[in-house]
There are 2 protein chains.
Amino acid sequence: MKRGKIEIKPCTECTVSSNGVFCSVSEKNLGILDQARGSNFYKKGQTIFYEGNHTNGLFCIYSGKVKLSKLGENGKEQIIRFAKTGNILGYRSLLSNDTYHAPATAMEDCHVFLLSKDRFMEILESDPKLSMNIVQLLSNDLKSAEQLLIDIAQKSVIERISESLVLLQKTFGYVNGGKTINVALTRSEIADIAGTTTETTIRTLVQLDKEGIIKLVDKKINILDLQKLIQRAKIYD
Amino acid sequence: MKRGKIEIKPCTECTVSSNGVFCSVSEKNLGILDQARGSNFYKKGQTIFYEGNHTNGLFCIYSGKVKLSKLGENGKEQIIRFAKTGNILGYRSLLSNDTYHAPATAMEDCHVFLLSKDRFMEILESDPKLSMNIVQLLSNDLKSAEQLLIDIAQKSVIERISESLVLLQKTFGYVNGGKTINVALTRSEIADIAGTTTETTIRTLVQLDKEGIIKLVDKKINILDLQKLIQRAKIYD
DNA sequence: TAGTTTTTATGATATATGTCATTTTATTAA
DNA sequence: TTAATAAAATGACATATATCATAAAAACTA
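Residues numbered from 1 in each chain as written. Chains lettered and ligands numbered in written order. Predicted model: local features only at pLDDT ≥ 70, side-chain atom pairs only at ≥ 80, totals over all residues. Heavy atoms only, no water.

Visitor: What's the story with helix H3 (residues 117-126) of chain B in this structure? I'm lost.
Guide: One full turn of an α-helix is made of 3.6 residues, so residues set three or four places apart face in the same direction. Lys 117, Phe 120, Met 121, Ile 123 and Leu 124 of chain B are the residues of H3 of chain B that are buried. An end-on view of H3 of chain B places all buried positions within 165 degrees of arc, on one side of the element. Opposite the packed face of H3 of chain B, turned more than 90 degrees from it, sit the exposed residues Asp 118 and Glu 125 of chain B. Residues of H3 of chain B that are buried make contact with helix H4 (128-154) of chain A together with helix H1 (27-36), strand S3 (57-63), helix H2 (91-95), strand S8 (110-116) and helix H4 (128-154) of chain B. (Buried < 20%, exposed > 50% of the residue type's maximum accessible area, 1.4 Å probe, protein only. Helix = DSSP H or I, 4+ residues; strand = E, 2+ residues; numbered from the N terminus. Arc of directions from axis to C-beta. Contact = heavy atoms within 4.5 Å.)

Visitor: I tried to follow the protein's contact with DNA strand C on my own but got confused; where do I start?
Guide: By nearness alone, 14 residues border DNA strand C, and Val 157, Thr 196 and Thr 200 of chain A together with Arg 187 and Arg 203 of chain B come closest of all. At the protein interface, 59% of the atoms of DNA strand C within 4 Å belong to sugar or phosphate. Arg 203 of chain A is positioned such that a nitrogen or oxygen atom in its side chain is 3.1 Å from a base oxygen of DNA strand C. Contacts to DNA strand C include Arg 187 of chain B, whose side-chain N or O atom sits 2.8 Å from a phosphate oxygen. (Near = heavy atom within 4 Å. Polar contact = N/O pair within 3.5 Å; in protein donor to acceptor, adjacent residues only side chain to side chain.)

Visitor: Explanation requested: the protein's contact with DNA strand D in the structure shown.
Guide: Around DNA strand D, a shell composed of 14 residues is seen, among which Arg 187 and Arg 203 of chain A together with Val 157, Thr 196 and Thr 200 of chain B lie nearest. Considering the 4 Å shell around the protein, atoms of DNA strand D inside it are sugar or phosphate in 61% of instances. Contact between DNA strand D and Val 157 of chain B: a phosphate oxygen at 3.0 Å from a main-chain N or O atom of the residue. Side-chain polar atom of Thr 200 of chain B to a phosphate oxygen of DNA strand D: 2.7 Å apart, as the coordinates give it.

Visitor: Help me out: how do you make sense of the domain arrangement of chain A in this one?
Guide: Interface extent is often summarised as the accessible area lost during association of the parts. All names here are of chain A. Domain assignment breaks chain A into domain 1 (2-151) and domain 2 (156-233). Counting residues at the interface gives ten residues for domain 1 and 14 residues for domain 2. Counting across the domain 1 and domain 2 interface gives two salt bridges. Across the pair Asp 192 and Lys 76 runs a salt bridge, and its minimum N-O distance is 3.0 Å. (Domains from an automatic or database assignment. Salt bridge = Lys/Arg side-chain N within 4 Å of Asp/Glu carboxyl O.)

Visitor: Just to check I follow, could you spell out the relation of the copies chain A and chain B for this structure?
Guide: One copy of the chain maps onto the second through a rotation around an axis plus a translation along that axis. Each copy of the sequence occupies a distinct position, and chain A is placed on chain B by a rotation of 180 degrees and an axial shift of 0.0 Å, giving an RMSD of 0.0 Å. Interpreted geometrically, this transformation is the action of a two-fold axis. Of the residues that chain A buries at the interface, 97% are likewise interface residues in chain B, meaning the two copies contact each other through the same surface. (Least-squares fit on C-alpha atoms with pLDDT ≥ 70 in both.)

Visitor: Looking at this model, I keep getting lost on the packing of aromatic side chains. Mind explaining?
Guide: What describes a pair of aromatic rings is the distance from one ring centre to the other and the angle between the planes of the rings. All told, the structure shown has ten aromatic pairs over all chains when counted by the stated rule. On the basis of an interplanar angle of 85 degrees and a centroid distance of 6.4 Å, the ring pair of Phe 22 of chain B and Phe 120 of chain B is categorised as edge-to-face. Of this pair, Phe 22 of chain B sits in the segment before H1 while Phe 120 of chain B sits in helix H3, and the two are 98 residues apart along the sequence. For the residue pair Phe 22 of chain B and Phe 120 of chain B, the accessibility class agrees, reading buried in each case. The interplanar angle of 35 degrees and the centroid separation of 5.3 Å between the aromatic rings of Phe 49 of chain B and Phe 59 of chain B together place this pair among those described as tilted. Linking Phe 49 of chain B in strand S2 (residues 47-49) with Phe 59 of chain B in strand S3, this pair joins segments that are ten residues apart in sequence. We note that Phe 49 of chain B, like Phe 59 of chain B, is buried. Feature note: the residues Phe 49, Phe 59 and Tyr 100 of chain B constitute an aromatic cluster, connected by ring pairs. Over the ring of Phe 113 of chain A we find Arg 37 of chain A; its NZ or CZ atom is 3.7 Å from the centre of that ring. (Phe/Tyr/Trp six-rings, centres within 6.5 Å; stacked < 30°, edge-to-face > 60°. Lys NZ or Arg CZ within 6 Å of the ring centre and 35° of its normal.)

Visitor: Mind showing me how you'd approach the packing of helix H5 (residues 157-172) of chain B against helix H6 (residues 187-194) of chain B here?
Guide: Geometrically, a packed helix pair is captured by the angle between its two axes and the distance between the axes. Residues and elements named next belong to chain B. Their axes nearest at 9 Å, the elements H5 and H6 cross at an angle of 105 degrees. By the angle class used here, H5 and H6 are roughly perpendicular. Here Arg 160, Ile 161, Ser 164, Leu 167 and Leu 168 of H5 lie close against H6, whose contacting residues are Ile 190, Ile 193 and Ala 194. When its residues are assigned to classes, the contact of H5 with H6 shows six nonpolar, one polar and one charged. (Axes fitted to C-alpha atoms, helices over the stretch in contact; angles between N-to-C directions. Parallel < 35°, antiparallel > 145°, perpendicular 65-115°, else oblique. Nonpolar A, V, L, I, M, F, W, Y, C, P; charged D, E, K, R; others polar.)

Visitor: Got a minute to help me understand the packing of H3 of chain B against H4 of chain B in this structure?
Guide: Residues and elements named next belong to chain B. At a minimum axis distance of 5 Å, the contact between H3 and H4 shows a crossing angle of 110 degrees. Considering their axes alone, H3 and H4 lie roughly perpendicular with respect to each other. For the pair H3 and H4, contact is made by Phe 120, Ile 123, Leu 124 and Ser 126 and by Pro 128, Leu 130, Ser 131 and Ile 134, respectively. Taken together, the residues that form the contact of H3 with H4 break down as six nonpolar, two polar and no charged.

Visitor: Just checking my understanding: could you explain the pairing of strand S5 (residues 77-84) of chain A for this structure?
Guide: When a strand is regular, its side chains alternate between the sheet's two faces. Burial analysis of S5 of chain A places six of its eight residues in the buried class, which makes it a mostly covered element. Connecting strand S4 (residues 65-71) of chain A to the next strand, S5 of chain A, in antiparallel fashion are five residues, including Gly 75 of chain A with a positive phi near 90 degrees. (Pairing = 2+ DSSP bridges.)

Visitor: It is not clear to me how unusual backbone geometry should be interpreted in this structure. Could you clarify?
Guide: What is expected of a backbone is that most residues other than glycine have negative phi and most peptide bonds are trans. The phi angle at Asn 97 of chain A is positive, at roughly 55 degrees, despite the residue not being glycine. Within the fold, Asn 97 of chain A resides in the loop between helix H2 (91-95) and strand S7 (104-106). Residues other than glycine seldom take positive phi values, yet Lys 234 of chain B does so here, at roughly 55 degrees. Along the chain, Lys 234 of chain B turns up in the segment after helix H8 (226-232).

Visitor: Explain the sheet that holds S3 of chain B to me, please; I cannot follow it from the model alone.
Guide: The strands that make up a sheet are held in pairs by hydrogen bonds between backbone atoms, and each pair lies either parallel or antiparallel. Residue and element names in this part refer to chain B. Taking strand neighbours across the sheet as the criterion, the four strands line up as S1-S8-S3-S6 in an open arrangement whose pairing is antiparallel. Edge positions in the open sheet fall to strand S1 (38-42) and strand S6 (88-89), since each of these has one partner strand only. Pairing analysis gives five bridges linking S1 to S8, with the strands arranged antiparallel. Paired with Ser 39 across the two strands is Phe 113, which belongs to S8. Running over the sheet, H3 touches S3 and S8 and is turned about 70 degrees from S8.

Visitor: Help me understand the pattern of salt bridges, please; the structure alone is not making it clear to me.
Guide: If charged atoms from side chains of opposite charge come close, those side chains can pair. Residue and element names in this part refer to chain A. Throughout the structure, instances matching the rule amount to 30 salt bridges over all chains. Residue Glu 77 pairs with Lys 67 through a salt bridge whose shortest N-O separation is 3.2 Å. Of this pair, Glu 77 sits in strand S5 while Lys 67 sits in strand S4, placing them ten residues apart in sequence. Residues Glu 122 and Arg 119 are paired through a salt bridge, measuring 3.7 Å at the closest nitrogen-oxygen approach. Of this pair, Glu 122 and Arg 119 both sit in helix H3 (residues 117-126), three residues apart, which is roughly one turn of that helix.

Written as structure tokens, this is what we have:
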């Protein structure tokens, strides 16, 4: 963990995102954030918080990619959201005074800041712009969750898999401007986004490959025809 | 529509709920609400707002029951939430400056107050307690939506139908302390909660009836053994 | 009250997707 | 580099649930 190599900027000089919830916060409050924040590293595969743990603060991703999932009664995982550099985590549970209900797992090595609940609430109360940002964040999450709900309830597997790929490309983009989706996932994890099994996911990806819509190269997924993929996903918006 | 018979109290004397979002609002702001509110009646089956319509305000249910659904690409409906006396509607779209994404339909005759967006935002900005309530409301909605998502993705039909019945009983209670769920729904609507078809819903309800867990009397559904129903739904929380 | 429409009920059948088993291919560790 | 482990791929088969068809009952409505 060559921590010394990573240059970590203070919150007051943060440039990781242009539309994060803290972007509109005052210089003074950013200073408070700096003093209050703790810093954690997580290796790929590590759990950032466990389902059922009591909420102790807010996480802010400085680098890396995170998946938020939820475990069904049978133990099967459902991925409900992704988070990347500049995003915050844990606010849902924190704000409804709840235990965490969706375990977060590092999809690659992550550098994450932790802000205590008390300190966050303090800044939140003194900054109406921030609370408006949080409201918008929650609204958008709710909108996505409802959309995912209806997709899983009503779409076929190939539509859901296609949609999952579109979501991944929208969220993480391409590897330096190419056609390769900029995130590494196993087939089983893709299954956990689309709400299906690993085998069915493999078969479906192979089918999309044969149709010339995507190209599978090892674990990399290239999107050859995004328009067709969106069509296959029956996304109209 | 014997409107004269219904006694409508001003917001300052509102007693319809003890935990509504406006319950903690100051007397002064309640007065403003009174002056600002418009009043609408909707007959059973009428749509309160349509998907895609531009957001013009916030709805507050004075009496009646409402279902919020979402239409899939194939036109099939998925019910995502219910609202009843004291609940508010339309805040999700309003707060993310969006068109409505979930049409709301009156499940019985409804009396609904309408508050303009501007006036609501005005009160919201002047009342930190209110904005905190809204944050909590959104958090809870998000939690439920994620739960419903994983249920529909992973549970079997009988589990989902059982869970839907438990939800209905929790939300609307029993008809005067008895065993009859205090809401009238068609089998097709129950299917739209559980994310299945009308036929499968009918068969499943008959099965639960045969098992002695519920008792179907015309359109009324009686819950004979709530504990067993919860077990059947695989609800553990 | 009779007639029309909607809802509930039930059977027969189809099918998408899950499950289980096995092989091949990658990835990781020793 | 080899061994060990994990992931991907593919086939055979099972099954839950959808779909289609029809009938019976209930709820409107003229």
